[in-house]
Amino acid sequence: MTDPTSTATCAICDVAARVDADVVHRTSLFTVAPATVKVPGWFLLWTNRHDAAGLWDVSDAEAEEFGRLVRDLSRAARACTDAERTYVITFGEHALHFHAMVLARTRDMPPASRGPALLSRGPDFADEERAAAVAAQVRELLGRTRGQRGS
Ligand SMILES: [Zn+2]
């Protein structure tokens, strides 16, 4: 068993240590990067500090920043894809380090893949090249609308 309180075995800290060049947006409190499954418009965001185990553990400042960041990221994901919806998901079953996903649900995703089913069907919609292009557009848009270092 891995220790969920340890940064050494934390899946989110592991991602944070590896994604530097891929970071889409960073503030003093949160980091945004493309999701592990390379679907255009899918993003992972997490608290910069490890010891916010879940949403119940975030500070007032992190809670306020999370709301604005998810809104701005959702807007940017829609602007850079043909998404009709964006989904915001946070489970925290595998890492006690607060993180969430913003998923663009585009018009071409069939009805059977919408809602909760989309998460497990992500690999069907993976397109690494297009996901990287969308991430670059979202990075530029967030940098322009929120400032390079965020708010
Ligand atoms: Zn962590």
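What comes next concerns the included structure. As the structure is a computational prediction, the values presented were derived from the model and not from experiment.

Thresholds applied
- Residues numbered from 1 in each chain as written.
- Predicted model: local features only at pLDDT ≥ 70, side-chain atom pairs only at ≥ 80, totals over all residues.
- Buried ≥ 20, exposed ≤ 12 C-beta atoms within 10 Å, placed from the backbone.
- Helix = DSSP H or I, 4+ residues; strand = E, 2+ residues; numbered from the N terminus.
- Pairing = 2+ DSSP bridges.
- Core = buried A, V, L, I, M, F, W, Y, C linked by C-beta atoms within 7 Å.
- Contact = placed C-beta atoms within 7 Å.
- Axes fitted to C-alpha atoms, helices over the stretch in contact; angles between N-to-C directions.
- Parallel < 35°, antiparallel > 145°, perpendicular 65-115°, else oblique.
- Left-handed = near helix turned anticlockwise from the far one by under 90°.
- Nonpolar A, V, L, I, M, F, W, Y, C, P; charged D, E, K, R; others polar.

1. A word on the pairing of strand 5 (residues 99–106)
Thought 1: Buried residues dominate strand 5, accounting for 6 of its 8 residues.
Thought 2: In this structure, strand 3 (residues 42–47) lies alongside strand 5, joined through 5 bridges in antiparallel fashion. Bridge pairing in strand 5 links Phe 43 to Val 102.
Thought 3: The pairing of strand 4 (residues 83–89) with strand 5 spans 6 bridges and is antiparallel. Across the sheet, the residue bridging to Ala 83 is Thr 106, located in strand 5.

2. Some thoughts on the sheet that holds strand 5
Thought 1: In space, the 5 strands of this open sheet follow the order 1-2-3-5-4, with antiparallel pairing throughout. Each edge of the open sheet carries a strand with a single partner, namely strand 1 (25–26) and strand 4.

3. Overview of the pairing of strand 2 (residues 30–34)
Here is the key point about a regular strand: its side chains alternate between the two faces of the sheet.
Thought 1: Along strand 2, 5 of the 5 residues are buried, which leaves the element largely enclosed by surrounding structure.
Thought 2: Pairing of strand 1 with strand 2, which is carried by 2 bridges, proceeds in the antiparallel orientation. By the bridge assignment, Arg 26 is partnered in strand 2 with Thr 31.
Thought 3: Relative to strand 3, strand 2 is paired through 5 bridges, and the arrangement is antiparallel. Looking across to strand 3, one finds that Phe 30 is bridged to Thr 47.

4. Looking at the nonpolar core
Proteins that are soluble and globular tend to have nonpolar side chains buried together.
Thought 1: Within the largest apolar cluster, 36 residues are counted, with the highest numbers of intra-cluster contacts made by Phe 43, Leu 45, Leu 73, Ala 77 and Val 138.
Thought 2: If near-sequence neighbours (up to four positions away) are discounted, Val 138 is found in contact with Val 24, Ala 76, Ala 77 and Cys 80.

5. Comments concerning the packing of helix 2 (residues 60–79) against helix 4 (residues 128–146)
Thought 1: At a minimum axis distance of 9 Å, the contact between helix 2 and helix 4 shows a crossing angle of 135°. Classified by the angle their axes make, helix 2 and helix 4 are oblique. Like other packed secondary-structure pairs, helix 2 and helix 4 cross with a definite hand, here right-handed. Contacts from Asp 72, Ala 76, Ala 77 and Ala 79 in helix 2 reach Val 138, Leu 141, Leu 142, Thr 145 and Arg 146 in helix 4.
Thought 2: Looking at the contact of helix 2 with helix 4, its residues break down into 6 nonpolar, 1 polar and 2 charged.

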